[in-house]
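Survey of secondary and tertiary structure
Spelled out from the first residue to the last, the chains are:
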Amino acid sequence: MQPWPGTSYPLGATYDGAGTNFALFSEVASSVTLCLFDDDGAEHRVPLPERDGFVWHGYLPGVVPGQRYGYRVDGPHDPASGQRCNPHKLLIDPYAKSIDGSLGQTYAWDESLFDYHFDDPDEVNHDDSAQHVPKAVVINPFFDWHDDRPPRTPYHETVIYEAHVKGLTYLHPEIPEEMRGTYSAVAHPATVSHLQRLGITAIELMPVHQFVHDDALVQRELRNYWGYNTIAFFAPHFGYASTGPTGSTAPGAQVQEFKAMVRDLHAAGIEVILDVVYNHTAEGNHQGPTLSMRGADNQAYYRLVEGDERYYMDYTGTGNSLNVRQPHTLQLIMDSLRYWATEMHVDGFRFDLASTLAREFYDVDRLSTFFDLVQQDPVISQVKLIAEPWDVGPGGYQVGNFPPGWTEWNGKYRDTVRDFWRGTSGTLGEFASRLTGSSDLYQDDGRRPYASINFVTAHDGFTLNDLVSYNEKHNEANGEGGNDGADDNNSWNCGVEGPTDDEAVLVLRQRQRRNFLATLFLSQGVPMLLHGDEMGRTQYGNNNGYCQDSEISWMEWSPEKSDSELMLYTSAVSALRAAHPVFRRRRFFSGREIRPAAPGSSDEPQRDIAWFTSTGEEMGDDDWESGAAVVTVFLNGEGIPESDQRGQRVVDDSFLLVFNAHHEDVEVTVPGAGLSERWATVLDTVDGTVVVGSARTTAVTTIDPLPEDIATLAGGDTVTVTSRSMLLLQRMEADA
């Protein structure tokens, strides 16, 4: 088979309707061979004839979608100098858009995958690895998107649902069995209706780039369930494709299925955000396998230890870190992002261990080239960009330090809210900051409250149910002797470790779950809900389910194992947030005067926010420093300094949020000072009451006014607020 010269751009395998262009970057290669595989595994080798700017390329007429392929790269092999070319190792195309099979599942681990022998690491391994390496697949780029349009939900109206493709859907009884755990299942009407009931506007999928099941896990009969071990940044993971009734999937079909999922979710008004892992790959450290970039150009793609390039810099805890100083590596990342945004129509990205991408040298640098490229890119700069603002390297915790245009997983919100509700002393001041959008973190550089992605739980750590049920992690099933997972979880078991029949403990745990959910949805910023938390999902105390592709991690849907009452409560609190702009402001509270005091009145002028003690007096400096766990917050809906999409002034109702994180009931005086003649209780975490209604609002949903006979309180009245509970009071109109 004689290739034509082809072109050096785009990289990867590109089908044009008549044939396929192949292009691979390698600065160190002396030759690059394209390997084509028949259905029976027979291999046909085609040397790529051209090299332009270190990109090897060739065009093969007649090569069509479904063709399996890989590369062999000949060149220097000197690990001490950072060079690891080995033509005996079949390499996965770094730009592969589809992979047939999965290493550690459909393909077995074998010594041939490594460029050294296990019993003699200094001897080069010349065993051919082809039969053990998943093959890249040429894809059909054409797809009928119908009239697909991205929802483009504004950040301040966004509610994120973090979910795992398999874990969310694998046990759902209304989804056909052959479809469960797949991209199609995520977009199934049963899943979509659940998300819509919760008011979800964006689903954030845990990694769906092709990943590897680590050999160490496979030997323990476990799996890389979370997927944070990428080997192909353009390819939807093979394991999430529907097999269908026949039990087989055509090569490359997962690309079409993924696109169909996005199209159907968009039709339901739900955005798709991908959790992406550009900080490292599955090739690991110097003892890892040669699967792709290591064998193509090790020095270009990976950060190596200066002076001893046999070893890899590791800011991720996984063995290696991508070399973001190298132009072609940066191009790989940016090309991947653009591909998912333009060709796959995804709406945003959450960057795993994002601090690593800012390490051009050693320190995290918010002025790094990666951030410059994102800022200047007309496509990527316009999608949702969410940073996990830390890594495991020195100085890696960077919450609040990412550039404008970025939002962040706010780890300080998570820790503070957990501490406040478990009764940790001295947290009230920081709790107030986190509740109101973390202006201390984001305001100085021009960002808005929605720069804070607020969460109480995420995939990494306890579920909400376990947060209130366990003081200690219980990771025995992971087989690591309890050495994995965080030891400090800021959790509280409410008096008993794990499952219990103690009714008082069960009641308290349910109240604490409601407290966390209400705090999350009524805080300024963007709420993120972990899948299953709305239904009481448990991992039985496991706070590191990365390897648990089992009932430990899957979401239960059966009425016997899920909490339908909590589901209804979560939906109602989400609807309350959607109905009232005062809970999702686009600007920070400032304490500015909204309404002056009436002439001759002793009342104080009303500001956009005010804080009161349990006695109804406004908070002073001594009160903030007292370690009190009871506070009332006044949110004024009259003076929101914003306009809606049509330029109309946003006006909402006003509210009092009453928090009691104390271990005893507290008598709280409803603030007077002319705030309102009457207040109606619209949320009570003791009994789960949530009333969604408003007499006047520019709500995004249509709702009814509050019922006329609703129980009310007046300024100066006292109310008993149960220990560890929360009330939300809505101001009634004077003439109501």
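Below, the structure is looked at part by part. The shown structure was predicted, so the numbers you read here are calculated from the model rather than taken from an experiment.

**Considering the sheet that holds strand β2 (residues 19-25)**
Strand order in the open sheet made by the 4 strands is β1-β2-β6-β5, with antiparallel pairing throughout. Each edge of the open sheet carries a strand with a single partner, namely β1 (12-15) and β5 (50-52). Recorded for the sheet is a direction-independent mean angle of 25° between the axes of neighbouring strands. Relative to β2, β1 runs antiparallel, the two being bridged by 4 bridges. Within the sheet, the bridge partner assigned to A13 lies in β2 and is F22.

**A look at helix α5 (residues 253-267)**
The terminal C-alpha atoms of α5, which comprises 15 residues, lie 21 Å apart, in line with the 21 Å expected from a rise of 1.5 Å per residue. For α5, the tally of buried residues reaches 11 of 15 residues, placing the bulk of the element in the interior. Looking at α5, one finds that the buried residues are Q254, V255, E257, F258, K259, A260, M261, V262, R263, L265 and H266. Positioned one or two residues after α5, G269 has a phi angle of 80°, which is positive.

**Describing the pairing of strand β7 (residues 68-74)**
Within β7, 6 of the 7 residues are buried, which leaves it mostly tucked inside the rest of the structure. Here strand β3 (residues 31-37) pairs with β7 via 7 bridges, running antiparallel. If you follow T33 over to β7, its bridge partner there is R72. In this structure, β7 lies alongside strand β13 (residues 135-137), joined through 2 bridges in antiparallel fashion. Each residue of the ladder has a partner; that of Y69, found in β13, is A136.

**Thoughts on helix α9 (residues 411-421)**
Since there are 3.6 residues in each turn of an α-helix, residues three or four apart along the chain are aligned in direction. In terms of burial, α9 is a largely internal element, 9 of the 11 residues being buried. Considered for burial, the residues of α9 that qualify are G411, Y413, R414, T416, V417, R418, D419, F420 and W421. For α9, the capping residue at the N-terminal end is N410, with a side-chain oxygen 3.1 Å from the backbone nitrogen of K412. Immediately beyond the C-terminal end of α9, within one or two residues, lies G423, with a positive phi of roughly 90°.

**Let's talk about empty space enclosed by the protein**
According to the stated counting rule, one finds 5 cavities of 30 Å³ or more in the structure shown. The computed volume of the largest cavity comes to approximately 90 Å³. Along the wall of the largest cavity there are 14 residues; nearest its centre are W226, H459, H531, R537 and Q539. When grouped by side-chain class, the residues that make up the lining of the largest cavity number 6 nonpolar, 7 polar and 1 charged.

**Re the packing of helix α13 (residues 503-522) against helix α14 (residues 564-579)**
Across the interface, α13 lies against α14 with an axial gap of 9 Å and an inter-helix angle of 20°. Judged by the inter-axis angle, α13 sits roughly parallel to α14. α14 is crossed by α13, and the crossing has right-handed handedness. Contact residues: α13 offers Q510, R513, R514, L517, A518, F521 and L522, while α14 offers E565, L566, Y569, T570, V573, S574, L576 and R577. Here the residues of the contact of α13 with α14 are counted per class, giving 8 nonpolar, 3 polar and 4 charged.

The rules behind each value
Residues numbered from 1 in each chain as written. Predicted model: local features only at pLDDT ≥ 70, side-chain atom pairs only at ≥ 80, totals over all residues. Heavy atoms only, no water. Pairing = 2+ DSSP bridges. Helix = DSSP H or I, 4+ residues; strand = E, 2+ residues; numbered from the N terminus. Axes fitted to C-alpha atoms, helices over the stretch in contact; angles between N-to-C directions. Expected span 1.5 Å × (residues − 1). Buried < 20%, exposed > 50% of the residue type's maximum accessible area, 1.4 Å probe, protein only. Polar contact = N/O pair within 3.5 Å; in protein donor to acceptor, adjacent residues only side chain to side chain. 1 Å grid on protein atoms, 1.4 Å probe; cavity = no way out; pocket = protein on both sides within 12 Å on 5 of 7 lines; lining within 4 Å. Points joined across faces, edges and corners; volume = space filled by probe spheres on them. Nonpolar A, V, L, I, M, F, W, Y, C, P; charged D, E, K, R; others polar. Parallel < 35°, antiparallel > 145°, perpendicular 65-115°, else oblique. Left-handed = near helix turned anticlockwise from the far one by under 90°. Contact = heavy atoms within 4.5 Å.

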